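Structural overview
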Amino acid sequence: MRLILLGAPGAGKGTQAEMLMKLYNIPTISTGNIFREHISKNTELGQEAKKYMDEGKLVPDELVLELVKDRIVQKDCENGMILDGFPRTIPQAKALDAMLEEIGKPIDSVLDVEVPDEVIIERMAGRTVCPSCGASYHKLFKVETVLGICNECSTHLIQREDDKEETVKKRLEVYHAQTKPLIDHYQQQDKVLVIDGVGTVDEVRARVKKALGVN
Ligand SMILES: [Zn+2]
């Protein structure tokens, strides 16, 4: 099973990826991990990628694709793989399609885990943390005894920059702008499975399985 997994930050994509890895005995592949592996092993491709990263530049698509191809032909991808965070653009998607076609391993499905922005904002923006002991709280799911004060050490709770509503909204905007064309691209190939990502982990898991035709 060869999958592309799409979902906004905070949509619970990671949890579903773990389930799919076990279900199909396939690895999750992210370009970040591939880069790190090649760089730590000091391969030729890794050195080349590092050159761009050190200069703060994007690694060119051609090189990314070569790295992805090198990963996909490895033995643990025999049963397939989950691509997470790649492709991000239409040129990348087209290049990926062509490469997978060439090695006879086209993408089977694109799983799009959808959670309305308001729900993601509520999930993320409700979080506070204790700057002293690191305990975390949530205004809906784990409320502190005295509002704004850590149960463990009585320090004033703070909201991390990443969890602020404005930050979350910005990140979601970027995600949607980037992802919409990809969804259109794979919809033309009739490969997109939209999953309702609102609900418990088990509920979402059941929907993913149903969409993939697994019991
Ligand atoms: Zn504390």
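Residues numbered from 1 in each chain as written. Predicted model: local features only at pLDDT ≥ 70, side-chain atom pairs only at ≥ 80, totals over all residues. Heavy atoms only, no water.

**Some details on the overall build of the protein chain**
Within the protein chain, the secondary structure is distributed over eight helices and seven strands. Taking the principal axes of its C-alpha atoms as reference, the protein chain extends roughly 60 × 45 × 30 Å. Expressed as a percentage of its 215 residues, the buried residues of the protein chain come to 38%. Partitioning the contacts of the protein chain with sequence separation of at least 6, the portion at a separation of at least 24 is 68%. As displayed, the protein chain offers around 12200 Å² of accessible surface, 51% of which is attributable to carbon and sulfur atoms. Charge separation in the protein chain, taken as the distance between the mean sites of 29 positive and 35 negative side-chain charges, equals 2 Å. (Helix = DSSP H or I, 4+ residues; strand = E, 2+ residues; numbered from the N terminus. Buried < 20%, exposed > 50% of the residue type's maximum accessible area, 1.4 Å probe, protein only. Contact = heavy atoms within 4.5 Å. Areas by Shrake-Rupley, 256 points an atom, 1.4 Å probe, with all protein chains shown as cover. Lys, Arg positive; Asp, Glu negative; His and termini not counted. Charge placed at Lys NZ, Arg CZ, Asp CG, Glu CD.)

**Describing the pattern of salt bridges**
What the rule picks out here adds up to 14 salt bridges. Glu165 is paired through a salt bridge with Lys169; the nearest N and O atoms lie 3.3 Å apart. One end of the pair is Glu165 and the other is Lys169, both in helix α7 (residues 165–188) and four residues apart, which spans about a single turn. When its relative accessible area of 39% is taken as the criterion, Glu165 is described as partly exposed. When the shortest N-O distance is used, the salt bridge between Asp196 and Arg207 registers 3.9 Å. Pair noted here: Asp196 is in strand β7 (residues 192–196) and Arg207 is in helix α8 (residues 201–211), with a separation of eleven residues, a long-range link. For Asp196, a relative accessible area of 42% gives the class partly exposed. Given the relative accessible area of 29%, Arg207 is considered partly exposed. Overlapping salt bridges bring together Arg127, Arg160 and Asp163 as one network. (Salt bridge = Lys/Arg side-chain N within 4 Å of Asp/Glu carboxyl O.)

**Some details on the coordination of the zinc ion**
Ligation of the zinc ion by protein atoms is provided by Cys130 (SG), Cys133 (SG), Cys150 (SG) and Cys153 (SG), these donors lying 2.3 to 2.4 Å from the ion. Every donor counted, the four donor atoms about the zinc ion form angles of 101 to 118° at the centre, which fits tetrahedral coordination. Between the donor residues of the zinc ion, the gaps in sequence give the motif C-x2-C-x16-C-x2-C. Pair noted here: Cys133 is in the loop between β5 (127–129) and β6 (136–138) and Cys153 is in the loop between β6 and α7, with a separation of 20 residues, a long-range link. (Donors = N, O, S within 2.8 Å, 3.2 Å for Na, K, Ca; no water. Tetrahedral: all angles 85-135°; square planar, octahedral: opposite > 155°, others 65-115°.)

**Thoughts on helix α4 (residues 61–72)**
Structural remark: α-helix, 3.6 residues per turn; residues separated by three or four positions point the same way. Taking 1.5 Å of rise per residue, the twelve residues of α4 would be expected to cover 16 Å, and the 16 Å separating its terminal C-alpha atoms lies within 8% of that figure. Where α4 is concerned, the buried positions are Leu63, Val64, Leu65, Leu67, Val68, Arg71 and Ile72. Buried residues belonging to α4 abut β2 (28–29), α2 (31–40), α3 (44–54), β3 (81–84) and α5 (90–102). (Expected span 1.5 Å × (residues − 1).)

**Description of the nonpolar core**
Membership of the largest hydrophobic core comes to 38 residues, with the highest contact counts inside it found for Ile4, Val68, Leu83, Leu96 and Ile120. The set of elements that each furnish at least two residues to this core consists of β1 (2–7), α2, α3, α4, β3, α5, α6 (117–125) and α7. Filtering out sequence-adjacent residues up to four positions away, Leu96 remains in contact with Ile4, Leu65, Val68, Leu83, Phe86, Pro87 and Tyr186. In this structure, Leu3, Val113, Val208 and Leu212 belong to the second largest nonpolar core, which totals 14 residues. (Core = buried A, V, L, I, M, F, W, Y, C linked by side-chain atoms within 4.5 Å.)

**A short note on the side chain of His185**
As for its placement among the helices and strands, His185 is situated in helix α7. Since its relative accessible area comes to 11%, His185 is described here as buried. If sequence neighbours within four positions are ignored, His185 has contacts with Ile90, Ala93, Lys94 and Asp97.

**Here we look at the packing of α3 against α4**
Between α3 and α4, the shortest axis-to-axis distance is 11 Å and the interhelical angle comes to 145°. Crossing handedness for the pair α3 and α4: left-handed. Between α3, through Leu45, Glu48, Ala49 and Tyr52, and α4, the contact on the second element is made entirely by Leu63, Glu66 and Leu67. A per-class count over the contact of α3 with α4 returns five nonpolar, no polar and two charged. (Axes fitted to C-alpha atoms, helices over the stretch in contact; angles between N-to-C directions. Left-handed = near helix turned anticlockwise from the far one by under 90°. Nonpolar A, V, L, I, M, F, W, Y, C, P; charged D, E, K, R; others polar.)

**Examining the sheet that holds β7**
Sheets are built from strands that pair by backbone hydrogen bonding, the pairs being arranged parallel or antiparallel. Strand order in the open sheet formed by five strands is β2-β3-β1-β4-β7, with parallel pairing between adjacent strands. Edge positions in the sheet fall to β2 and β7, since each of these pairs with one other strand and no more. With respect to the sheet, α8 is in contact with β4 (109–114) and β7, its orientation differing from that of β7 by roughly 160°. (Pairing = 2+ DSSP bridges.)

Such coordinate-based values are descriptive only and should not be taken to indicate function.
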